Each structure stands twice: as structure tokens, then as C-alpha cells.
Amino acid sequence: MKKYILILLLMVALAGVQAWANPDVSNDNVEEDLQQPVITVAGTTIHVTHAAGQKLEIFDVAGVCVATLRIDSDDKTINLNKGCYIIKVGKVVRKVSIC
């Protein structure tokens, strides 16, 4: 019986142990990783921000790739013809309708 109580107390004591963070790890890139690309539409123009260095893919409703390009700056503007499109930038996917 004493052995079970001792094991139970040991488990309770270990449950309260906290893990300490490694001071050598930098948190400078955490904010950059959380900032996802933003896709907005105004008229026939698609505006993409926070996506420098990522690939932009434009698909039509049938799933056919209409255009693929590399975003070279943090602020990119693309003009499209009227229609419905699926825009993919990195892991962000948006459906847009250009009227």
C-alpha cells in the first residue's frame, strides 16, 4: 500500500514540473510566420499583400490553371478578365468573382 501511495505522490509531483524554454532560440521570426498572405479584390484587380517570395496560382472554375507567377514584393497587383477564379498563394486559397 505504501508503494502505491509513493507512486501516486511521485506522479503528482512530476505533473507540476514546468519545462523551461531554451534561451538560445530566437522569437524574432514568430510574428513573420503568423502573418499570412492577404488577398483582396477591387473591380478587375486582385491585390495580394504579405506574400513576398511565394507562388501565386490562378485557377478557373473548372480547375484549369490560368496563370502561375512568383510574387517578388510584399505588395502585388494583378488585373484579370471578368469571371470566377480560385486564387492560391502559399497555403491561402480564396474564391473570387470579377464582375
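Note that the coordinates shown come from a computational prediction; the quantities given were computed from them, not determined experimentally.

Caption draft 1: View of the nonpolar core. Counting 15 residues, the largest nonpolar core has I46, V48, L56, L80, I87 and V89 as its most contacted members. Residue assignment for this core shows that the elements contributing at least two residues are strand 2 (45-49), strand 3 (55-60), strand 6 (83-89) and strand 7 (92-98). Apart from the residues within four sequence positions on either side, V89 is in contact with P37, I39, V48, A51, Q54, K55, L56 and I71.

Caption draft 2: Representation of the pairing of strand 2. Bridging between strand 1 (residues 38-42) and strand 2 involves 5 bridges; their strand directions are antiparallel. Residue I39 lies in a different strand from strand 2, and its bridge partner there is V48. The hairpin formed by strand 1 and strand 2 contains 2 residues between the paired strands, and G43 there has a positive phi angle of roughly 70°. Two strands pair when backbone bridges link them, and strand 2 and strand 5 (residues 75-79) are joined in this way by 5 bridges, in the antiparallel orientation. Note on strand 5: the bridge partner recorded for H47 is T77.

About the criteria used
- Residues numbered from 1 in each chain as written.
- Predicted model: local features only at pLDDT ≥ 70, side-chain atom pairs only at ≥ 80, totals over all residues.
- Heavy atoms only, no water.
- Core = buried A, V, L, I, M, F, W, Y, C linked by side-chain atoms within 4.5 Å.
- Buried < 20%, exposed > 50% of the residue type's maximum accessible area, 1.4 Å probe, protein only.
- Helix = DSSP H or I, 4+ residues; strand = E, 2+ residues; numbered from the N terminus.
- Contact = heavy atoms within 4.5 Å.
- Pairing = 2+ DSSP bridges.

Note that all results are geometric; they support no functional claim without further evidence.
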